[in-house]
Amino acid sequence: MSCRSVQYPGVHLVGAAVRIGDHLKVCSQGYTCCSEEMEEKYSQQSKQDFRNAVVELSNHLQAMFNSRYKKFDEFFKELLGNAEKSLNDMFVRTYGRLYMQNSELFQDLFLELKRYYVGGNVNLEEMLNDFWARLLERMFRLVNPQYHFTDEYLECVSKYTEQLKPFGDVPRKLKLQVTRAFVAARTFAQGLAVARDVISKVSAVNPTPQGTRALLKMMYCPHCRGLVSVKPCYNYCFNVMRGCLANQGDLDTEWNNFIDSMLMVAERLEGPFNIESVMDPIDVKISDAIMNMQENSMQVSQKVFQGCGQPKTLAQGRTSRSVSESGFSARFRPYNPEERPTTAAGTSLDRLVTDVKEKLKQAKKFWSSLPGNICNDEKMAAGSVNEDECWNGSAKSRYDFAVTGNGLANQVNNPEVEVDITKPDMVIRRQIMALRVMTNKMKNAYNGNDVDFIDLSDESSGEESGSGCELQQCSLEFEFNVTEITGNAKNDKTANTSAATSLGLSATAFFFSILCLALQRQWR
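Residues numbered from 1 in each chain as written. Predicted model: local features only at pLDDT ≥ 70, side-chain atom pairs only at ≥ 80, totals over all residues. Heavy atoms only, no water.

Bringing the overall build of the protein into the picture now. Across its full length, the protein carries 21 helices and eight strands. Split into buried and exposed, the 524 residues of the protein put 52% on the buried side. In the protein, the proportion of contacts linking residues at least 24 apart, taken out of those at least 6 apart, comes to 83%. (Helix = DSSP H or I, 4+ residues; strand = E, 2+ residues; numbered from the N terminus. Buried < 20%, exposed > 50% of the residue type's maximum accessible area, 1.4 Å probe, protein only. Contact = heavy atoms within 4.5 Å.)

Next comes the structure, spelled out in structure tokens:
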């Protein structure tokens, strides 16, 4: 036995004396090259090596989720900004100052959409219903400029919205498309962020005292025997890692369910309700709705008058003044597709989704594969071909024990690490619950239902696996705020564009429409 090559951090021993190891706590108490101080330093180094190995593998996955979250988040936000800019530019170029005086009506619509996306407490269905109700109030005034309408009368008008469908089928279709698209987009982005955060918390491992003993025995006790170049046997390493990562192994089932649900929602991002195909033509769709109201204004008004009563007539001078004061002669002209702003960051949703789907598939079974992936590193363990030339925990020889199963419960018979299966790591239990809640949310988003949940878990930055918590502090509560959406919708942008160019009213009448909108602003 030679101690010439034995070293520990900061010290290299040449010709160190061989001694009896009865002073050692973990390594063999036979002949040894290690002092008590060396064993302690090796113990600290083994913990650090283990942490580094877990972090190195986890960081790659965490970085993937983080970069994809940033890309999707940037894409969605820029897409919303481009849609708002497209609508704003369309009406500014056509109506100039008159539109700008009334632009906050549409600005509020986009503000609420953005607020929903970033996690605001916005009910999309109610918000869109509110938008169309206020637009109807203004439109009803503008198509009937000779009448005076009280607030009570306009409330009555709103009651006929569903029955009369003054904006045609546009509100129903747009509500279906916007709700499903935004639910899927927001939930998918949240899912990417949750995955990133779960990895961050779970990969900050803090081995138990029993785990630290097993790591020292596997990694550095052979050094104390002069076997510096001998690596641990693969199955031996596997058992040690399975024991030290027992709680992480329990993540695997919920993690895989979560990944599957993410892939399901990714299908929604590629389908007919994808947010890109919904938001890009939203300006033309709203214009088409206004056109529908104008073309059917007589029939709508007659039915409202029958149900709500005949309104009072305004003085003739007031009506004629409102029209005669206009000098407006422009006609509605929507953008050609080439004139629209480029889609976010010059990319497309399809390319982003295709990329992230591939990465999600690769992320499945990450936690159950982690022990093996650590041991596959040649710096950590010997390969399976060196079964008789590896460290088995006590000598350079074959390792005879079978590999234990994955997860906490299976460690009851782990021959290398003493694991108390009655005391699960509460940090990891919280992350399991976070994945379960997010999976629920994903499934609802896939079905077109919006789910709001309140996360009561501890978000402290210093949290590590192994730190523990009180059970009541580790819970996640969630509440369902479901907006059930059924039916199908088609996104035919070219049809909307051509329809929007053929407004039925004269330029003067349409100007009066915009003017009345500006005068009758009652947004929220």
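Back to the write-up after that little detour.
A word on the pattern of salt bridges. Evaluation of the coordinates by the stated rule reveals 17 salt bridges. The closest approach of N and O atoms between Glu 254 and Arg 436, which form a salt bridge, is 3.1 Å. Within this pair, whereas Glu 254 is found in helix α12 (residues 252–270), its partner Arg 436 is found in helix α19 (residues 426–446), the two being separated by 182 residues in sequence. A relative accessible area of 37% means that Arg 436 is categorised as partly exposed. Glu 389 is paired through a salt bridge with Lys 396; the nearest N and O atoms lie 3.3 Å apart. A relative accessible area of 47% means that Glu 389 is categorised as partly exposed. Taken together, the salt bridges that share partners define one network made up of Arg 68, Asp 355 and Lys 359. (Salt bridge = Lys/Arg side-chain N within 4 Å of Asp/Glu carboxyl O.)

Let's shift gears to helix α7 (residues 170–202). Between its terminal C-alpha atoms α7 stretches 47 Å, which fits the 48 Å expected from 33 residues at 1.5 Å a residue. Within α7, 28 of the 33 residues are buried, which leaves it mostly tucked inside the rest of the structure. (Expected span 1.5 Å × (residues − 1).)

Our next topic: the packing of aromatic side chains. Applying the stated rule across the entire model yields 21 aromatic pairs. With 5.2 Å between their ring centres and 45° between their planes, Trp 132 and Phe 167 make a pair best called tilted. Here Phe 167 lies in the loop between α6 (161–164) and α7 and Trp 132 lies in helix α4 (residues 124–143), a separation of 35 residues in the sequence. Note on accessibility: Trp 132 and Phe 167 belong to one class, buried. Taken together, the ring pairs in this structure connect Phe 65, Trp 255, Phe 258, Phe 366 and Trp 367 into an aromatic cluster. Residue placement shows Arg 180 over the ring face of Phe 273; its charged tip is 5.3 Å from the ring centre. (Phe/Tyr/Trp six-rings, centres within 6.5 Å; stacked < 30°, edge-to-face > 60°. Lys NZ or Arg CZ within 6 Å of the ring centre and 35° of its normal.)

Next up on the list: helix α15 (residues 297–308). The terminal C-alpha atoms of α15, which comprises twelve residues, lie 16 Å apart, in line with the 16 Å expected from a rise of 1.5 Å per residue. All of the buried residues in α15 are Ser 297, Val 300, Ser 301, Val 304, Phe 305 and Cys 308. Buried residues of α15, viewed axially, fall in a sector of 130°; they line one side. More than 90 degrees from the buried face of α15, the exposed residues found are Met 298 and Gln 306. Looking at the residues trailing α15, positive phi occurs at Gly 309, about 100°. (Arc of directions from axis to C-beta.)

Further remarks concern the packing of α4 against helix α14 (residues 282–295). For the pair α4 and α14, the least separation of the axes is 11 Å and the interaxial angle reads 40°. The angle between the axes of α4 and α14 places the two elements in the oblique class. The handedness of the crossing between α4 and α14 comes out as right-handed. Touching Phe 131, Trp 132, Leu 135, Leu 136, Met 139, Phe 140 and Val 143 of α4 are Ile 286, Ala 289, Ile 290, Met 293 and Gln 294, all from α14. (Axes fitted to C-alpha atoms, helices over the stretch in contact; angles between N-to-C directions. Parallel < 35°, antiparallel > 145°, perpendicular 65-115°, else oblique. Left-handed = near helix turned anticlockwise from the far one by under 90°.)

Counting residues in each nonpolar core, the largest one holds 125 residues, and the members touching the most others are Phe 65, Trp 255 and Met 279. Here the element with the most residues in this core is helix α1 (residues 36–95); it accounts for 17 residues. (Core = buried A, V, L, I, M, F, W, Y, C linked by side-chain atoms within 4.5 Å.)

The subject of this paragraph is the state of the cysteines. The final tally for this structure, using the stated rule, is five disulfides. Two residues, Cys 156 and Cys 308, share a disulfide whose sulfurs are 2.0 Å apart. Taking the torsion about the S-S bond as the criterion, the Cys 156 to Cys 308 disulfide, at about -90°, is left-handed. Residue Cys 156 is located in helix α5 (residues 151–159), and its partner Cys 308 is located in helix α15; the two are separated by 152 residues in the primary sequence. The cysteine Cys 244 is free of any disulfide, with Cys 237 supplying the nearest cysteine sulfur at 9.6 Å. (Disulfide = S-S within 2.5 Å.)

In this section: the environment of Leu 80. Positionally, Leu 80 belongs in helix α1. Sequence separation between Leu 80 and Glu 276 is 196 residues; the distance between their C-alpha atoms is 9.1 Å. Contacts of Leu 80, omitting those with residues within four sequence positions, involve Phe 110, Leu 113, Lys 114, Tyr 117, Phe 182 and Met 279.

Everything listed here is a matter of coordinates, which is why it stays silent on function.
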